[in-house]
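Overview (structure and organization)
One letter stands for each residue in the lines below.
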Amino acid sequence: MDLQLRGKRALVTGASRGIGRAIAETLAEEGCALALCARGAADLETAASQLRARGARVHAEPVDVTDHAALAAFVDRSAAELGGLDVVVSNVSAGAAKDADQWQRGLDADVLGLVRLTEAAVPHLERSRGSIVSIGTTNAVDNAWPSAPNAYSSLKAAVVHYASAQAHALGPRGIRVNTVSPGPVFFEGGAWATIKEHRREAYDDMIARSPVGRIGTPQDVAAAVAFLASPLSGYTNGAHLVVDGGITSRVQL
Ligand SMILES: NC(=O)c1ccc[n+]([C@@H]2O[C@H](COP(=O)([O-])OP(=O)(O)OC[C@H]3O[C@@H](n4cnc5c(N)ncnc54)[C@H](OP(=O)(O)O)[C@@H]3O)[C@@H](O)[C@H]2O)c1
């Protein structure tokens, strides 16, 4: 299946490792030019160099998405560098640590990171009739794990809700907005590698609860993002695609 992404210009936040990096790699394989950011310049440059070595055109900048002015400037510079934008993926999260600052950091990174990114991207996506994909989490729709009230799950629920509302607001302007919510995803250096090392019983419990008998990979999520970002999903707008092997038991009506 040709996703018709060849020649498209895609911006991905948080693209130096994990799911964001896999999204960048997948979009590059599909023929997109890329604009990538993360805070750490060294890891970002490693990711960008590897993509360039495979033939991708890449504009990479160290940007903290919680600096909303810097984020907006990055969007405009990316569009100028690539000649426009067709796809924007909001992937950054402040994570699920439970320290005292977590509500504020999650609000700045997960929620306002998406809101400000969307506002900055709309003029460019309106010109290209492009699309936005936000990254949520199954925690936004399932209180089974983690069970205690926490900023990460609540703020990700706001991400899913905002993306759905923007799908309705921006659809008439030619812009589609969809969300992909991953379940647990393993990669070296990621949160589930830490859980596997330090809380093996929690890791094993997650595998036991997975109907497909395994944890997710960044590529599982990236494939879903590429489809929703592509012109081939032109009639899919306001969708919330859960990619979790069936771990959440809700009926997705
Ligand atoms: N991994 C999972 O099991 C899982 C499950 C469900 C949902 N998700 C969601 O999937 C997304 C990606 O998760 P992941 O596990 O791949 O993330 P990760 O390991 O935390 O990596 C995130 C990426 O974002 C960058 N980043 C972090 N904070 C940033 C900031 N303030 N500004 C700019 N870049 C920033 C990181 O690089 P720097 O640190 O150098 O900035 C890195 O490139 C998140 O939205 C997460 O909530 C993940």
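Structure's up top.
Anyway, here's the lowdown on the structure attached to this text.

Criteria and thresholds
Residues numbered from 1 in each chain as written. Predicted model: local features only at pLDDT ≥ 70, side-chain atom pairs only at ≥ 80, totals over all residues. Heavy atoms only, no water. Helix = DSSP H or I, 4+ residues; strand = E, 2+ residues; numbered from the N terminus. Contact = heavy atoms within 4.5 Å. Near = heavy atom within 4 Å. Polar contact = N/O pair within 3.5 Å; in protein donor to acceptor, adjacent residues only side chain to side chain. Nonpolar A, V, L, I, M, F, W, Y, C, P; charged D, E, K, R; others polar. Phe/Tyr/Trp six-rings, centres within 6.5 Å; stacked < 30°, edge-to-face > 60°. Buried < 20%, exposed > 50% of the residue type's maximum accessible area, 1.4 Å probe, protein only. 1 Å grid on protein atoms, 1.4 Å probe; cavity = no way out; pocket = protein on both sides within 12 Å on 5 of 7 lines; lining within 4 Å. Points joined across faces, edges and corners; volume = space filled by probe spheres on them.

Moving on: the environment of Tyr-203. With respect to the helices, strands and loops of the structure, Tyr-203 is situated in helix H7 (residues 200-209). Along the chain, Tyr-203 and Ala-193 lie 10 residues apart, while their C-alpha atoms are 9.0 Å from each other. Setting aside its immediate chain neighbours within four residues, Tyr-203 contacts Phe-186, Trp-192, Ile-195, Lys-196 and Ile-215.

Here we take up the site of the ligand. Close contacts around the ligand come from 26 residues, with Ser-16, Arg-39, Asn-91, Tyr-152 and Lys-156 the closest. Contact distances for the ligand include 3.1 Å between an oxygen atom and a side-chain N or O atom of Arg-17. In this structure, an oxygen atom belonging to the ligand sits 2.7 Å away from a main-chain N or O atom of Asn-91. Only helix H1 (18-29) and helix H5 (151-170) provide two or more residues apiece to the shell around the ligand. When grouped by side-chain class, the residues that make up the shell around the ligand number 13 nonpolar, nine polar and four charged.

This model, assessed by the stated rule, comprises two aromatic pairs. Pairing Phe-186 with Tyr-203 gives two aromatic rings, centres 6.3 Å apart and planes at 70 degrees, and the pair type is edge-to-face. Of this pair, Phe-186 sits in the loop between strand E6 (176-182) and helix H6 (191-198) while Tyr-203 sits in helix H7, and the two are 17 residues apart along the sequence. In this pair, the class of Phe-186 matches that of Tyr-203, namely buried. With a centroid separation of 6.4 Å and 55 degrees between ring planes, the pair formed by Trp-192 and Tyr-203 is classed as tilted. Of this pair, Trp-192 sits in helix H6 while Tyr-203 sits in helix H7, and the two are 11 residues apart along the sequence.

Glancing now at empty space enclosed by the protein. Applying the stated criterion across every chain yields a total of two cavities of 30 Å³ or more. The calculated volume of the largest cavity comes to roughly 40 Å³. Taken together, Ser-90, Asn-91, Val-92, Asp-110, Leu-114, Ser-134, Ile-135, Lys-156 and Val-159 make up the full set of residues lining the largest cavity. At the level of elements, helix H4 (102-128), strand E5 (131-135) and H5 are the ones that each hand at least two residues to the lining of the largest cavity. In this model, the second largest cavity occupies a volume close to 40 Å³. As for the second largest cavity, its lining consists of Thr-13, Val-65, Leu-71, Ser-90, Asn-91, Val-92, Ala-109, Gly-113, Leu-114 and Leu-117. Considering every element that reaches the lining of the second largest cavity, the biggest residue donor is H4, with four residues.

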